[in-house]
Amino acid sequence: MITLIDGLSLGSIYALIALGYTMVYGIAKMLNFAHGDIIMVGAYAIMVTLAATVSPIAAIVAAIVICTILGILVEKLAYKPLRGASPLAVLITAIGVSYFLQGLAQLVFGSQPKPVGSAWKLPAIEAINSLGITTAAAVTLVCGIIIMIALTLFINCTRTGSAMLAVSEDRGAAILMGVNVNKIISITFAIGSALAAFAGMFYLFQIPNTEPTLGAMPGITAFTAAVIGGIGSIPGAMVGGVLLGVIEKFCLASPLAPYTVAIKFSLLILILLVKPTGLLGKVVREKV
Amino acid sequence: MGKINIKIKPKHLVNYSIVLVMLLIGVVMLETGNLRPSIAQLFTQIGYSIILAVSLNFVVGFLGELSLGHAGFMCVGAYIGGLSAVMLKQALGASAKLPVLVIAMLIGGLSAAVFGFVIGLPSLRLKGDYLAIVTLAFGEIVRNVFMNQKIFGGARGLTTGSLTYDTRRAPTLFIVTFIVALVMLIIIQNIVRSKHGRAITAIRDNEIAAKAMGINVTFYKLFVFIVAAFFAGCAGVIYAHTTTPVLYTFFSYNYSIEILVMVVLGGMGSITGSIFSAMFITIVNFMLQSQLSGDLASLRNLIYAVILIVVVVFSNAPALKSFREKYSLGALFAKLFRGKLSDPAKRKDDEAKWDRVPTKIKMDALLSTDLNVDYTPARPEDLNGGKEGK
């Protein structure tokens, strides 16, 4: 039961990151490899602001603002010039951006893990903690669910959300209907990066250390989650993320613990072999 | 595969001679006693980097599929080849150095090829981004599995100390490495030149059209993955001979990216480019390693990242197309020699650069009435620009 809650809480972190991948893929038709490293930037932003202001709220706000701006900046500088170029070129550029952010963080902060600081602590909640569930897990799970509901409402009930759906459905037709595609893509990157900042925050609740490669493994795992759920599908990313989180925690609690990474990724390969578009992905017919 | 027909073309000769010249410099330095062990090791590193870069280029530049698991194949080769070399050495004795290396390389290469086959299988069903993520997953799985095997030393890595080659007494591993690189160049260049190579580049340029022309896409995709994995495995065995312990952390996703940087920097689809950039990056690494220490070493990653982004954006951005055509290396050469190189219609197929791939999209736009296939309206001059004129 505790493993399940832990898994769900880890899964909701993965789901938040996976949402960023999947939204960008749905709308810009590209894999944003640098997404995981935006989590890392968010974590460093929290650390630095916390050291300066000692206020966790300020740190969280700063992280969200910085990540959002960074997301838009990366899109404008690295990805926009390549719109219409071959997907491989875009993918390699995204890998380059990821490498760049990691290298920059290493240069500025050093490669050793750094503690976030003592101000970064959640209060103990007796009612939950007595059940063996950590406050971090509970907060992550609850906030994760709230964010996911809010995102679903935003996409389904606002004009911008409908425009995003329209662009991901059929970009050509959306342009004809007067949707400003450039703006929508920027908004998507902004939302995705803000979600990454949240993920970075939850991550720090669980492991209060920052390091330059912090985003790499959660990033790749969440990416796997997005692909398992069917990339481009928002409910798919949530399902995939939660699934992987639960599986990871159960693996870690079982004798198979050393093989957790292998199991996670084998699951990806298996699912893609059976269903090449992921669990909830749309089947796109190949046209000549 | 029919009749084997190996020809030496002038363009291939350039590549062979680069490797031969490196080999010659090494041998001369060895004979005159100027070859320090660290330099011998640099030569070996250059050799296996060339092997890795060219074999990855075979997948990325010629088949057109992105593989992010090349270090994974190298890992398989290093662990399995390294272990078999250690065992062979015990069985055959210390005098049989060369046979041990050759047999170990075959074992390592073949086992990597088996993995190449396994990872090639999903490539039949997946493509593009999905395949890239599966190869990445594969690299991580391999690392994770080897890390947990007691026989391979577990988390402490595989000890291959008894194999050490580049010692003061016998710095000769680089000779074998360059010979392997030469063999690989002969094989890959002749595949590319042959009818099979035409089929492979046809799959890259338009898979559906290639299928319609009766090309066995399944066979060729597997074939390319297996060949590339084999040579990456060989490079892994060489690596196992230079380093002890062979540690799983070395073969991380970052190393796959480093090989990819070599390929992209040299130009996807250009073997000469891969050779030069593999040499360049290995030498730069070697020099930076002694100059920069600690966290400053990350400056290297930063430089790679910038190179990767700038090169790809510059050579692929649609907005820079006319600029590129004016100032590209090919156009400059054409100006110098007044050759036919600048006319894309007259370029030979295997000289075709990566920039031909977007024709895939135009082809789709031409043939489909569906809007969502192509977002940028095709200009008439693009559609009958003569690039696909044959």
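Please read all numbers here as calculations on a predicted model, not as lab measurements. (Residues numbered from 1 in each chain as written. Chains lettered and ligands numbered in written order. Predicted model: local features only at pLDDT ≥ 70, side-chain atom pairs only at ≥ 80, totals over all residues. Heavy atoms only, no water.)

### A look at the overall build of chain B
Counting its regular elements, chain B contains 16 helices and zero strands. Carbon together with sulfur atoms contributes 66% to the accessible area of chain B, which is approximately 17,500 Å² in total. (Helix = DSSP H or I, 4+ residues; strand = E, 2+ residues; numbered from the N terminus. Areas by Shrake-Rupley, 256 points an atom, 1.4 Å probe, with all protein chains shown as cover.)

### Observations regarding the overall build of chain A
A tally of regular secondary structure across chain A gives twelve helices and two strands. When its helices and strands are written in sequence order, chain A yields α-α-α-α-β-α-α-α-α-α-β-α-α-α. Sorting the 288 residues of chain A into buried and exposed places 55% on the buried side. Within chain A, contacts between residues separated by at least 24 positions form 76% of all contacts whose residues are at least 6 apart in sequence. (Buried < 20%, exposed > 50% of the residue type's maximum accessible area, 1.4 Å probe, protein only. Contact = heavy atoms within 4.5 Å.)

### Notes on the pattern of salt bridges
Residue and element names in this part refer to chain B. Considering all chains together, one arrives at seven salt bridges over all chains under this definition. Among the salt bridges present, the one from Glu65 reaches Lys221, with a minimum N-O distance of 3.3 Å. You can see Glu65 sitting in the loop between α2 (37-63) and α3 (70-92) and its partner Lys221 sitting in helix α9 (residues 217-242), a full 156 residues away along the chain. Across the pair, exposure class does not vary: Glu65 and Lys221 are buried alike. (Salt bridge = Lys/Arg side-chain N within 4 Å of Asp/Glu carboxyl O.)

### Details of the packing of α3 of chain B against helix α10 (residues 253-266) of chain B
Residue and element names in this part refer to chain B. Interhelical geometry of α3 versus α10 gives an angle of 115° and a closest axis separation of 7 Å. One way to sum up the angle between α3 and α10 is to call them roughly perpendicular. In this structure, α3 uses His70, Ala71 and Met74 to contact α10, whose residues at the interface are Tyr255, Ser256 and Ile259. Its residues assigned to classes, the contact of α3 with α10 shows four nonpolar, two polar and no charged. (Axes fitted to C-alpha atoms, helices over the stretch in contact; angles between N-to-C directions. Parallel < 35°, antiparallel > 145°, perpendicular 65-115°, else oblique. Nonpolar A, V, L, I, M, F, W, Y, C, P; charged D, E, K, R; others polar.)

### Some remarks on the side chain of Thr260 of chain A
You can see Thr260 of chain A is positioned in helix α12 (residues 260-274). Thr260 of chain A gets classed as buried once you look at its relative accessible area, which sits at 6%. Residues contacting Thr260 of chain A, with those up to four places away along its chain left out, are Glu248, Cys251 and Leu252 of chain A together with Asn144 of chain B.

### Some words on the interface of chain B and chain A
Taken together, the contacts link 54 residues of chain B with 55 residues of chain A. Summing both partners gives a buried area of about 5,100 Å² for chain B against chain A, and 72% of it is carried by carbon and sulfur. Our count for the chain B to chain A interface comes out at zero salt bridges. For the pair chain B and chain A, the interface holds five residue pairs in polar contact (both at pLDDT 80 or more). Going through the elements one at a time, α4 (97-125), α5 (129-147), α10, α12 (298-316) and α15 (359-367) of chain B are the ones with two or more residues in the side of chain B that touches chain A. When the residues that make up the side of chain B that touches chain A are grouped by side-chain class, the tally is 38 nonpolar, nine polar and seven charged. (Buried area = accessible area lost by both parts, 1.4 Å probe. Polar contact = N/O pair within 3.5 Å; in protein donor to acceptor, adjacent residues only side chain to side chain.)

### Considerations on the environment of Ile46 of chain A
Within the fold, Ile46 of chain A resides in helix α2 (residues 35-53). For the pair formed by Ile46 of chain A and Ile64 of chain A, sequence separation is 18 residues and the distance between their alpha carbons is 9.2 Å.

### Description of the side chain of Ser274 of chain B
Tracing the backbone shows Ser274 of chain B in helix α11 (residues 271-291). Judged by relative accessible area, which is 0%, Ser274 of chain B ranks as buried.

### Quick look at helix α6 (residues 135-157) of chain A
Residues and elements named next belong to chain A. Here α6 spans 32 Å end to end across 23 residues, near enough to the 33 Å set by a 1.5 Å rise per residue. Those residues of α6 not exposed but buried are Thr135, Ala136, Ala137, Ala138, Thr140, Leu141, Gly144, Ile147, Met148, Leu151 and Ile155. The inward-facing, buried residues of α6 contact α1 (2-28), α5 (126-129), α7 (159-169), α9 (181-206) and α11 (234-253). (Expected span 1.5 Å × (residues − 1).)

### What about the packing of α2 of chain A against helix α3 (residues 56-79) of chain A?
Residue and element names in this part refer to chain A. The interhelical angle for the contact between α2 and α3, taken along N-to-C directions, is 140°, at an axis separation of 8 Å. Considering only the axes of α2 and α3, their crossing is right-handed. Between α2 and α3, the residues in contact are Ile38, Val41, Gly42, Ala45, Ile46, Thr49, Leu50 and Thr53 and Pro56, Ala58, Ala59, Ala62, Ala63, Ile66, Cys67, Leu70 and Gly71, respectively. (Left-handed = near helix turned anticlockwise from the far one by under 90°.)

### Focus: a nonpolar patch on the surface
Residue and element names in this part refer to chain A. Taken together, the side chains of Ile57, Val61, Val65, Ile69, Leu73 and Leu77 define a hydrophobic patch exposed on the protein surface, amounting to about 590 Å² of accessible area. Relative to the helices and strands, Ile57 is located in helix α3. In this structure Ile57 comes out as exposed when scored by relative accessible area, which is 61%. (Patch = residues over 30% accessible without salt bridge, like charges linked within 9 Å, V, L, I, M, F, W, Y side chains within 5 Å.)

### A look at the packing of aromatic side chains
One pass over the full model with this rule turns up 22 aromatic pairs over all chains. Arranged with centres 4.2 Å apart and planes meeting at 15°, the rings of Tyr44 of chain A and Phe109 of chain A form a pair that is stacked. Remark: Phe109 of chain A occurs in helix α4 (residues 87-109) and Tyr44 of chain A occurs in helix α2; sequence separation between them is 65 residues. With a relative accessible area of 3%, Tyr44 of chain A lands in the buried category. Aromatic pair Phe250 of chain B and Phe251 of chain B: ring centres 5.3 Å apart, planes at 90°, arrangement edge-to-face. In this structure Phe250 of chain B comes out as partly exposed when scored by relative accessible area, which is 27%. Members of the aromatic cluster, each reached through a chain of ring pairs, are Tyr48, Tyr239, Phe250, Phe251 and Tyr255 of chain B. (Phe/Tyr/Trp six-rings, centres within 6.5 Å; stacked < 30°, edge-to-face > 60°.)

### Section: unusual backbone geometry
Residue and element names in this part refer to chain A. One non-glycine residue, Lys29, lies in positive phi territory at about 55°. Along the chain, Lys29 falls in the loop between α1 and α2. Using a relative accessible area of 38% as the deciding quantity, one classes Lys29 as partly exposed.

### Considerations on the environment of Gly236 of chain B
Residues and elements named next belong to chain B. Tracing the chain through its elements places Gly236 in helix α9. Residue Gly236 is classed as buried on the basis of its relative accessible area of 0%. Considered as a pair, Gly236 and Phe251 are 15 residues apart in the sequence and their alpha carbons are 9.6 Å apart. For Gly236, the residues in contact, after removing those within four places along its chain, are Met74, Gly77 and Ala78.

### Quick look at the confidence of the model for chain B
Residues at a pLDDT of 70 or more form 75% of chain B, whose mean pLDDT is 78. Below a pLDDT of 50 lies the segment residues 380-390 of chain B, which in the model reaches 13 contacts outside its immediate sequence neighbourhood of four places, other chains included. (pLDDT = per-residue confidence, 0-100.)

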